[in-house]
Amino acid sequence: MRSKKSALYIALLTLTFILSGCTAGPTYVTKGSEFPKMYEQQPRSLLILPPMNISTDAEAKDYYMTTIEMPFAMMGYYTFPVEMVGDVMKQEGVYDTEILYNLPANKFYDYFGADAVLFTKITKWDLSYMVLASTLTVAIEAKIVSTKTSEELWRYTGMVRVDLSGGGDSGGSMAGLLIKVVATAVNSAAADYVTYARQANSRLIYSLPVGPYHEAYMQDQNMQLVDQTPKDQ
Amino acid sequence: MKSLKVLSIFTFTVITLAMSGCSTHTPLYNYGEYSENYYALKKEATPESAQEYQKSLEYCIENAKESRSKRVPPGIYANLGYLHLKAGQNKKAIENFTKEKTIYPEATFFMDKMINKVEALEQEDEK
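Reading the values: the criteria
- Residue numbering note: each chain is counted from 1, following its sequence as written.
- A letter from A marks each chain and a number from 1 marks each ligand, given out in the order of writing.
- Confidence filtering applies because this is a predicted model: local features only for residues at pLDDT of at least 70, side-chain atom pairs given and counted only at 80 or more, and all residues used for totals across whole chains, interfaces and linings.
- Values shown for side chains rest on all heavy atoms present in the structure; no hydrogens or waters enter the calculation.
- A helix here means a DSSP run of H or I that spans at least four residues, while a strand means a run of E at least two residues long, and both kinds are numbered starting from the N terminus.
- Summary of the burial criterion: residues with accessible area below 20% of their type's maximum are buried, those above 50% are exposed, and those between are partly exposed, where the area comes from a 1.4 Å probe applied to protein chains only.
- The contact criterion used is simple: two residues touch if any of their non-hydrogen atoms lie within 4.5 Å.
- Accessible area, probed at 1.4 Å, shrinks when two parts are joined; the buried area is that loss added up over both.
- The term salt bridge refers to a side-chain nitrogen of Lys or Arg lying within 4 Å of a carboxyl oxygen of Asp or Glu.
- Each polar contact in these results corresponds to two N or O atoms within 3.5 Å; when the atoms are within protein, one needs to be able to donate a hydrogen and the other to accept it, and residues that are neighboring in sequence are counted only if both atoms are side-chain atoms.
- Angles run from 0 to 180 degrees between N-to-C directions of axes, and those axes are lines fitted to C-alpha atoms, restricted for helices to the stretch in contact.
- To sort the angles, those under 35 degrees are grouped as roughly parallel, those over 145 as roughly antiparallel, those from 65 to 115 as roughly perpendicular, and the leftovers as oblique.
- Each crossing gets its handedness from the near helix: less than a right angle anticlockwise from the far helix is left-handed, clockwise is right-handed.
- Polar here means any residue outside two lists: the nonpolar Ala, Val, Leu, Ile, Met, Phe, Trp, Tyr, Cys and Pro, and the charged Asp, Glu, Lys and Arg; Gly therefore counts as polar.

A. Summary view of the overall build of chain B. Assigned secondary structure in chain B consists of six helices and zero strands. For chain B, the α and β elements follow one another from N to C terminus as α-α-α-α-α-α. For chain B, the residues scored as buried account for 36% of the 127 residues in total.

B. The interface of chain B and chain A, seen in detail. Every contact between the two is made by 32 residues of chain B and, on the other side, 35 residues of chain A. Across the chain B/chain A interface, buried area totals approximately 3,000 Å², and carbon plus sulfur atoms make up 59% of it. In terms of surface lost to chain A, no three residues of chain B exceed Tyr39, Glu106 and Phe110 of chain B, which account for 25% of the buried area on that side. Run the count over chain B and chain A and you get three salt bridges. Inspection of the region where chain B meets chain A yields 10 residue pairs in polar contact (both at pLDDT 80 or more).

C. Structural view of the packing of helix α4 (residues 76–86) of chain B against helix α5 (residues 90–103) of chain B. Residues and elements named next belong to chain B. Orientation of α4 relative to α5, taken along the N-to-C sense of each, is 165 degrees, at an axis distance of 8 Å. With respect to their mutual orientation, α4 and α5 come out roughly antiparallel. For the crossing formed where α4 meets α5, the hand is left-handed. Residues Ile76, Tyr77, Ala78, Leu80, Gly81, Tyr82, His84 and Leu85 of α4 form the contact with α5, whose own contacting residues are Asn90, Lys92, Ala93, Asn96, Phe97, Lys99, Glu100 and Ile103. Here the contact of α4 with α5 is composed, by residue class, of nine nonpolar, four polar and three charged.

See below:
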């Protein structure tokens, strides 16, 4: 009798596992399987290009620019000084233009001696106001392209969504409602997008194979990350 | 009673060790307030924010030892050299560009290009 009961338990447990496996959670891949070209080409230096901005906020670009160098350098790559590089590009008349993003990648080797180019795109940088809540969304898409072969070596996306409404439950009274509206406005004004841009950066950077100045260089192929490649339906 | 005391001391020690373990995770580079000050400069360029930005570069150089790599982070010497160049201090600019490529050979090509530009400027001035 007892063994029958435990057999039933095992069967139930197994079924639960199988069923939970069916619900589509994130699937995981490894750095090595997802970005093999990073390990083959082993770029040492990254030229950070001015971000492309397709968000609604015009100032996002200049502000986001100040957050990119640090995380990529911390991952063990030589990052070219963005301020200087930006000025050189302005002098050449390619900054802030379509020309820059359409230049053949090997031009960046000819001009700066960079092994690879880092493209970033701000896809979302906005605050959505509602009467009782406001949400801030920052989304960044990043990719690394080789200057030797023009191949894409790495690509990942980081997004942060924050509820800025804060405050306690207002209980629905008119006075409470007013307090909440005021609180929302105040919190939104104080919200510093750059803080959240840094968070978005940290969400995408972990997927990058580490570079030559990092202790784990060429040893992190087995590290797991969330699979972001779009599935064929 | 005594064993309780021993236990609590033990627990305290374990917790302390565990917490100190978190704080000893030193970053690869010591960037100080570089990113924050660079952002402040981009947000509003004033003599004050420009000075703060330069100070944060100097901080990175002076406190580089407090990091895992013990090196000045990539681009910091180059940025400082660039500030000197804009201020007309060509000699200091070349000094810093040279330091950048000494620490990071990846920068050699770009830094040499900058140094050549500065030297060309100087020769023009002499004429």
